[in-house]
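In case you want the letters, here they are:
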Amino acid sequence: MRFLIGTLLVIAGVVIVWKSEWIYREFGEVDWAEKHLGTEGGSRLFYKLIGLVVIFLGFFIISGIWDLLLGGFVRLLGLTPPTE
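Residues numbered from 1 in each chain as written. Predicted model: local features only at pLDDT ≥ 70, side-chain atom pairs only at ≥ 80, totals over all residues. Heavy atoms only, no water.

A. Summary view of the pattern of salt bridges. In this structure the tally under the stated criterion is one salt bridge. Among the salt bridges present, the one from R44 reaches E21, with a minimum N-O distance of 2.6 Å. Of this pair, R44 sits in helix α4 (residues 42–63) while E21 sits in helix α2 (residues 20–27); the two residues are 23 residues apart in sequence, bridging distant segments of the chain. Its relative accessible area of 27% is what places R44 among the partly exposed residues. Judged by relative accessible area, E21 falls into the partly exposed class, the value being 34%. (Salt bridge = Lys/Arg side-chain N within 4 Å of Asp/Glu carboxyl O. Helix = DSSP H or I, 4+ residues; strand = E, 2+ residues; numbered from the N terminus. Buried < 20%, exposed > 50% of the residue type's maximum accessible area, 1.4 Å probe, protein only.)

Below you can see the structure in the form of structure tokens.
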């Protein structure tokens with residue numbers, strides 16, 4: 001199941017990066033991105049960065065690193081992570 005979810009996230013991330021111009025036209029500018037990432041194309045870069053984060057998240061889920069990261073974060077909070 002984790003392979004399927006991870007693969008779907010990777011595909012979604014690739015589509016976000018690939019179609020960032022279309023996403024920009026449909027959803028418009030992101031004010032924060034235009035201010036902090038540059039006046040020309042800041043929103044397009046922001047959409048591409050979101051796509052890259054989704055791709056990495058998908059690879060983390062496929063490889064099992066996500067479980068390690070999430071378990072470490074839960075332990076950091078002083079909780080006990082669930083065991084399989």
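B. Examining the side chain of S20 more closely. For S20, the location among the structural elements is in helix α2. Exposure remark for S20: the relative accessible area of 4% places this residue in the buried category. Contact partners of S20, with chain neighbours within four places excluded, come to R44, Y47 and K48. (Contact = heavy atoms within 4.5 Å.)

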